[in-house]
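Residues per chain are reported as follows:
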Amino acid sequence: MKAPARAAPRRILRRLRRRRFALLAILGPGLIAATAGDDAGGIATYASVGAEFGFALLWALVLITISLALVQEMAERMGAVTGKGFAELVRERMGIRVTAFVMLALLVANTGLVISEFAGIGAAGELFGIPRLVSVPLMALILWAMILRGSYDRVERIFLLMALALFAYPIAAIVARPDWSAVGQQLVSPSVTFNTNYLTLFIALVGTTITPYMQIFLQSSVAERGGNVKLAELRLDAYSGAIFSDLVAAFIIIAAGATLFPAGIKVVTAGDAARALEPLAGPYAADIFGVGLFGASVLAAAVLPLATAYPITEAFGFEKGISSSFHEAPIFHGLFAGLIALGALVALLPGINVIQLLVSTQVLNGILLPIELITMLRLVNNPEIMGQLTNGRLYNAVAWLTVTCVLALSTAYLAITLLGLIGVRVLG
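Residues numbered from 1 in each chain as written. Predicted model: local features only at pLDDT ≥ 70, side-chain atom pairs only at ≥ 80, totals over all residues. Heavy atoms only, no water.

1. Notes on the environment of isoleucine 243
What counts, and what does not: Secondary structure elements are defined from DSSP: runs of H or I of at least 4 residues count as helices, runs of E of at least 2 residues count as strands, and each element is numbered from the N terminus. For every residue, the accessible area (1.4 Å probe, protein chains only) is compared with the maximum for its type, and the residue is labelled buried under 20%, exposed over 50%, or partly exposed between those bounds.
Positionally, isoleucine 243 belongs in helix 12 (residues 231-263). A relative accessible area of 47% means that isoleucine 243 is categorised as partly exposed. Separated by 177 residues in sequence, isoleucine 243 and isoleucine 66 have C-alpha atoms that sit 8.4 Å apart.

2. Examining the nonpolar core
Keep this limit in mind: Buried residues of nine kinds, namely Ala, Val, Leu, Ile, Met, Phe, Trp, Tyr and Cys, make up a nonpolar core once their side-chain atoms join them within 4.5 Å. Note on contacts: a residue pair qualifies if any of its non-hydrogen atoms lie within 4.5 Å across the two residues.
Counting 140 residues, the largest nonpolar core has Phe118, Tyr169 and Phe289 as its most contacted members. Excluding anything up to four places from it in sequence, phenylalanine 118 contacts Val136, Met139, Ala140, Leu143, Ala301, Ile340, Gly343, Ala344 and Ala347.

3. Some words on a nonpolar patch on the surface
Inclusion rule: Patch criteria: residues need more than 30% relative accessible area and no salt bridge. Like-charged residues are merged within 9 Å; nonpolar side chains of Val, Leu, Ile, Met, Phe, Trp and Tyr are merged within 5 Å. The protein chains shown are the only cover counted for residues, whose accessible areas, like all others here, come from Shrake-Rupley with a 1.4 Å probe. For this analysis, a salt bridge means a side-chain nitrogen from Lys or Arg found within 4 Å of a carboxyl oxygen belonging to Asp or Glu.
Together, Phe128, Ile130, Val134, Leu138, Ile142 and Val291 make up an exposed nonpolar region whose accessible area comes to about 470 Å². Examining the composition of the nonpolar patch, we find that 3 residues originate from one element, helix 6 (residues 132-148), more than from any other. Along the polypeptide, isoleucine 142 turns up in helix 6.

4. Structural notes on unusual backbone geometry
Here arginine 177, not a glycine, exhibits a phi torsion of approximately 55 degrees, which is positive. Within the fold, arginine 177 resides in the loop between helix 8 (168-175) and helix 9 (180-188).

5. Some thoughts on the packing of helix 6 against helix 16 (residues 330-347)
We apply this condition: Lines fitted to the C-alpha atoms define the axes, with helices restricted to the stretch that makes contact. Angles between their N-to-C directions range from 0 to 180 degrees. What sets the label is the angle itself: under 35 degrees gives roughly parallel, over 145 gives roughly antiparallel, 65 to 115 gives roughly perpendicular, and the rest give oblique. Take the far helix as your reference; a near helix turned counterclockwise from it by less than a right angle gives a left-handed crossing, and one turned clockwise gives a right-handed crossing. Three classes are used: nonpolar for Ala, Val, Leu, Ile, Met, Phe, Trp, Tyr, Cys and Pro, charged for Asp, Glu, Lys and Arg, and polar for all others, with Gly counted as polar.
Remark: helix 6 packs on helix 16, axes separated minimally by 9 Å, with the N-to-C direction vectors making an angle of 165 degrees. As the angle between them shows, helix 6 and helix 16 are arranged roughly antiparallel. By crossing handedness, the relation of helix 6 to helix 16 is classed as right-handed. Contact residues: Arg132, Val136, Ala140, Trp144, Ile147 and Leu148 in helix 6; His333, Phe336, Ala337, Ile340, Ala344 and Ala347 in helix 16. Of the residues contributing to the contact of helix 6 with helix 16, the split by class is 10 nonpolar, 1 polar and 1 charged.

6. Notes on the packing of aromatic side chains
To keep things clear, this is the line we draw: Within 6.5 Å between ring centres, the rings of Phe, Tyr and Trp (the latter by its six-membered ring) count as paired, and their orientation is classed by plane angle as stacked under 30 degrees, edge-to-face over 60, tilted in between.
Taken as a whole, this structure holds 7 aromatic pairs when the rule is applied. Taken together, a centroid distance of 4.9 Å and an interplanar angle of 75 degrees make the contact between tyrosine 310 and phenylalanine 332 edge-to-face. Taken as a pair, tyrosine 310 in helix 15 (residues 285-316) and phenylalanine 332 in helix 16 lie far apart in primary sequence, 22 residues in all. As far as the burial class goes, tyrosine 310 and phenylalanine 332 line up, both buried. Aromatic pair phenylalanine 332 and phenylalanine 336: ring centres 6.5 Å apart, planes at 10 degrees, arrangement stacked. Linking phenylalanine 332 with phenylalanine 336, this pair stays in helix 16, spanning 4 residues, or about one helical turn. Accessibility expressed as a relative area gives 0% for phenylalanine 336, which makes it buried. Among the aromatic side chains, those forming a connected cluster through ring pairs are Phe53, Trp59, Tyr198 and Phe202.

Here it is as structure tokens:
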């Protein structure tokens, strides 16, 4: 009786994975995973970077793209070689204590993301005059019901098309006629500003681009394909996905840098982020942004609770599955429903600054990212797991440099934040 119960949710999750970005999935899971960073938190972060610092952080995005490509390739390679997901490998090879620590980091990061996605749903609703007290609880109930009944895939393509409205940013960036020589200079010439906002947005840029949960999703997606995937195909998928996704991110930064930065407009509300689309859409900028923000937020809010409940219950051997009853899989159902409920409740708190919340969750992602990367590097360099397909020296050098830089940034950010709490100001 148990086998069908486990098989049904796997089919449902596979449909969610395959169709989440149905128009893009033909190019592989690497493109899906990388493009998932262009959700509510990603848009808010990229627009904030452009509005606050113009083109000055584009050089950082180039380096982050290289790191993202390598991390995605490692995740895909582990999935293809082992046929296992990240959580299963951690449990088998590192023991229950390390597994608990890594899964706790995943739970904390994903909880913040779920909250941010429901905040994005509320902000999108308000752009159309719908109070968040209506839009957020309503969408939470609808998503919970649709996923439990396995019917979300029927409407997912609608939300996908809505999310694609945010691809208007690349066109808006060109229409805004930025100083392309300045853009080119900032791409290759680092420009560093020593203040807290710069450090915060730098970490958020890392966290929203190399999103931890999407690398776990990526490994599981490749593992499900079986062992018939060629290494060259995996690398092409990982590299092309990273480049495509970060090109979109760069155009969002350029659009905001060309329109909001010269006018001194900070991204404080969703309406501010929408103004970067004005060169293209004029008075319809807020409408286009609202539609795209809503679609992207709903997509992520639907997948994140599942992408959290499945690996955590898998890691500890708990019964899992949407089709299982609460009595049969209490941990799975508790995590799934709890994340949706918590995300909706926090997003409804009065006086919440949506953009600040969206960026803060990406900062949290960046701070927790080294935990996943260090664990991944230990696994991918184990010959007992990977055979002859462990990392080469160049891969390890770039990967460990990424970990070291993110750790240094996170440590500096936490130190400055703690010192600020006791009245000691380090940066401007």
